Amino acid sequence: MAAIETLGDLRQSGYRSRPVKQEIRDNLVRKLQAGEALFPGIIGYDETVIPQLVNAVLSRHNFILLGLRGQAKSRILRGLVDLLDEKIPVVPGCEIHDDPLAPLCAACRGRIAKEGDRLPIGWLRREDRYVEKLATPDVTIADMVGDIDPIKAAEAGLNLSDELTMHYGLLPRANRGIFAINELPDLAGKIQVGLFNILQEGDVQIKGYPIRLRLDVMLVFTANPEDYTARGKIITPLKDRIGSEIRTHYPATREHALAITKQEAWTDRSAAGGLKMEIPPYVREVVEELAFQARSDRKIDKRSGVSQRLPISTLELVLSNAERRALAQGEKLVVPRVTDVYAALPSITGKFELEYEGELRGAEQIARDLIRSAVGSVFTGMFDGIDTRTVVEWFDLGGSLPLSDNSSADEVIVQTQGVQGLRELAQRAGLPAGAAGPTVASAIDFVLEGLYAQKKIGRSDERGYSAAEPAPRRNARREEVSLDEEIRMPTGKKKYYN
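These remarks concern the structure in this document.

Reading the values: the criteria
Residues numbered from 1 in each chain as written. Predicted model: local features only at pLDDT ≥ 70, side-chain atom pairs only at ≥ 80, totals over all residues. Heavy atoms only, no water. Helix = DSSP H or I, 4+ residues; strand = E, 2+ residues; numbered from the N terminus. Buried < 20%, exposed > 50% of the residue type's maximum accessible area, 1.4 Å probe, protein only. Contact = heavy atoms within 4.5 Å. Polar contact = N/O pair within 3.5 Å; in protein donor to acceptor, adjacent residues only side chain to side chain. Core = buried A, V, L, I, M, F, W, Y, C linked by side-chain atoms within 4.5 Å. Arc of directions from axis to C-beta. Axes fitted to C-alpha atoms, helices over the stretch in contact; angles between N-to-C directions. Parallel < 35°, antiparallel > 145°, perpendicular 65-115°, else oblique. Left-handed = near helix turned anticlockwise from the far one by under 90°. Nonpolar A, V, L, I, M, F, W, Y, C, P; charged D, E, K, R; others polar. 1 Å grid on protein atoms, 1.4 Å probe; cavity = no way out; pocket = protein on both sides within 12 Å on 5 of 7 lines; lining within 4 Å. Points joined across faces, edges and corners; volume = space filled by probe spheres on them.

1. Brief notes about the environment of Asp 85
Within the secondary structure layout, Asp 85 lies in the loop between helix 4 (73–79) and strand 2 (87–90). Residue Asp 85 is classed as buried on the basis of its relative accessible area, which comes to 18%. Taking the C-alpha atoms as reference points, Asp 85 and Arg 126, separated by 41 residues in sequence, lie 6.3 Å from one another. Not counting chain neighbours up to four residues away, the residues in contact with Asp 85 comprise Arg 18, Glu 23, Asn 27, Arg 126 and Arg 129. A polar side-chain atom of Asp 85 sits 2.6 Å from a polar atom in the side chain of Arg 18.

2. Structural notes on the environment of Arg 303
Locating Arg 303 in the fold gives a position in the loop between helix 14 (281–296) and helix 15 (309–329). C-alpha of Arg 303 to C-alpha of Leu 68: the two residues are 235 residues apart in sequence and 8.0 Å apart in space. Setting aside residues no more than four positions away along its own chain, Arg 303 makes contact with Leu 68 and Glu 226.

3. Section: the nonpolar core
Ranked by internal contacts, the top residues of the largest apolar core, which has 57 residues, are Leu 290, Ile 300, Ile 348, Phe 352, Ile 371, Phe 446 and Leu 448. Residue assignment for this core shows that the elements contributing at least two residues are helix 14, helix 15, helix 16 (345–348), helix 18 (363–383), helix 19 (389–396), helix 20 (409–415), helix 21 (422–428) and helix 22 (437–453). Element by element, the count of residues in this core is highest for helix 22, at ten residues. Ignoring sequence-local partners within four residues, the contact set of Ile 348 consists of Leu 290, Leu 310, Thr 314, Val 341, Ala 367 and Ile 371. Core analysis: the second largest hydrophobic core is formed by 43 residues, Ile 4, Leu 10, Ile 112 and Leu 213 among them.

4. Thoughts on helix 3 (residues 49–58)
Along helix 3, the residues classified as buried are Val 49, Ile 50, Leu 53, Val 54, Ala 56 and Val 57. The buried residues of helix 3 occupy an angular sector of 160° when projected down its axis, which confines them to one face. Where helix 3 is buried, its residues touch helix 2 (20–34), strand 1 (63–66), helix 4, strand 10 (217–223) and strand 11 (244–247). Arg 60 lies just past helix 3 and shows a positive phi near 60°.

5. Structural notes on the environment of Arg 309
Structurally, the position occupied by Arg 309 is in helix 15. Taking the C-alpha atoms as reference, Arg 309 lies 9.2 Å from Gln 71; in sequence the two are 238 residues apart. Those residues within four positions of Arg 309 in sequence are excluded, and the remaining contacts are Arg 69, Gly 70 and Lys 351.

6. Some words on the packing of helix 13 (residues 254–264) against helix 14
Axis separation between helix 13 and helix 14 bottoms out at 10 Å; the angle between their running directions is 110°. Accordingly, the angle class assigned to the pair helix 13 and helix 14 is roughly perpendicular. Both helix 13 and helix 14 take part in a crossing whose hand is right-handed. Facing Arg 254, Ala 257, Leu 258, Thr 261 and Lys 262 of helix 13, the residues of helix 14 in contact are Arg 284, Glu 285, Glu 288, Glu 289 and Phe 292. Its residues assigned to classes, the contact of helix 13 with helix 14 shows three nonpolar, one polar and six charged.

7. Topic: the layout of surface pockets
Its volume calculated, the second largest pocket comes out at about 420 Å³. Along the wall of the second largest pocket there are 20 residues; nearest its centre are Pro 19, Arg 214, Leu 215, Asp 216 and Val 217. Secondary-structure elements contributing two or more residues to the lining of the second largest pocket are helix 10 (196–200) and strand 10.

8. A word on unusual backbone geometry
In the Ramachandran plot, Phe 39 falls in the positive-phi region, its phi being about 50° despite a non-glycine side chain. Following the sequence through the fold, Phe 39 ends up in the loop between helix 2 and helix 3. In this structure, Arg 60 takes a positive phi of about 60° despite not being glycine. Of note, Arg 60 is situated in the loop between helix 3 and strand 1. Among the residues examined, Arg 60 registers a relative accessible area of 42% and is labelled partly exposed.

Here it is, written out as structure tokens:
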């Protein structure tokens, strides 16, 4: 490519342009044959979304990704850039990246006719061939397709119908590349109508003038299925012209979710204050289980979804709370605890929408219930079949531990020394031999929170951990006779009250 500087050099090299969909297909075929990874960073879609996506590309389809928020739709679209050629030749200075061997716009045709093989050649990188637009109701057809510029026509003394008077929109500027529209239902209906010709005929008409641009572009979209009724809809004729409809989903397993959060969350904070960070596996699992519990809770609106950003931002706040405690207590090793998850409430309450029953209870209380359920699920899976009666009996006999998330590691260890069996349970949580104080304190905290989640012990802000409160006794149910019920008389006859 470095040796090709003019149109004459390009012609002598034997270069042949390909339609962008064919180019993407060819590069995908090459990656498949070589066994290369497709869409790196996309986790949990290997058996579901990726095969459908590959089929759509091999079919040279325009496609749409349908899914709730936080399902990596935009990231998948941006990953299509890797399927483009590294560089392609263009006419330098052309707004629509015209092909020197087959120019579309009148200006480029005029330059080639005038300069011939001496025309300089520019090279467009693959990153510059991807154009993304977030659909909003205020987007106009001029923004998307283009408009006639009367000032340009007046300055050049041209007729308004002349091609040289056009001001190109985003879509023509994505020529020979990928044009992505996020949240398609938010696009006004008349703008969606403007996409018909591009999808079916492959051309653009501007302002009703007989100006036709046969663009070479791959159109891809994203949408939330609930947006069809909540904010707008995809009009039926446009939906009919989209080749493939691919549905995304949330992680199906905790392992996939853990891998996503580990990839996305900012956890490398070793440079701050000379502190070393260590995250126990059970803390990661509790944070991840929190999202699974929220997605299945009937008090949370499932149509809105619970984004994968919830565990990502929650884990970051959990680490920040542990970091704050370590700095205040002068500890050099930062080990988050399960109780630190309660300090992440600000990142949890804004990540879900509540049903009516949830609104009555309140977002913060719902979040606390979710944390307790998540801790209980992880603790039960890890301690299933393990006898915890020794620790529970210590509390039932009047023992209490006035601990909080601000308690130092040494304070936690000293105050829990007298609880028989607690240290042994902490070791079953994966506590290594010779572990540092903050690590031991975190394991102990996990056991206590797990027992609290199972309602075997109690916890309050004032007393810390203590014996579980006895379940309230239910009063005997009294049968009430309403006025419209029949009352049996002593004689055996029935008497009715109207």
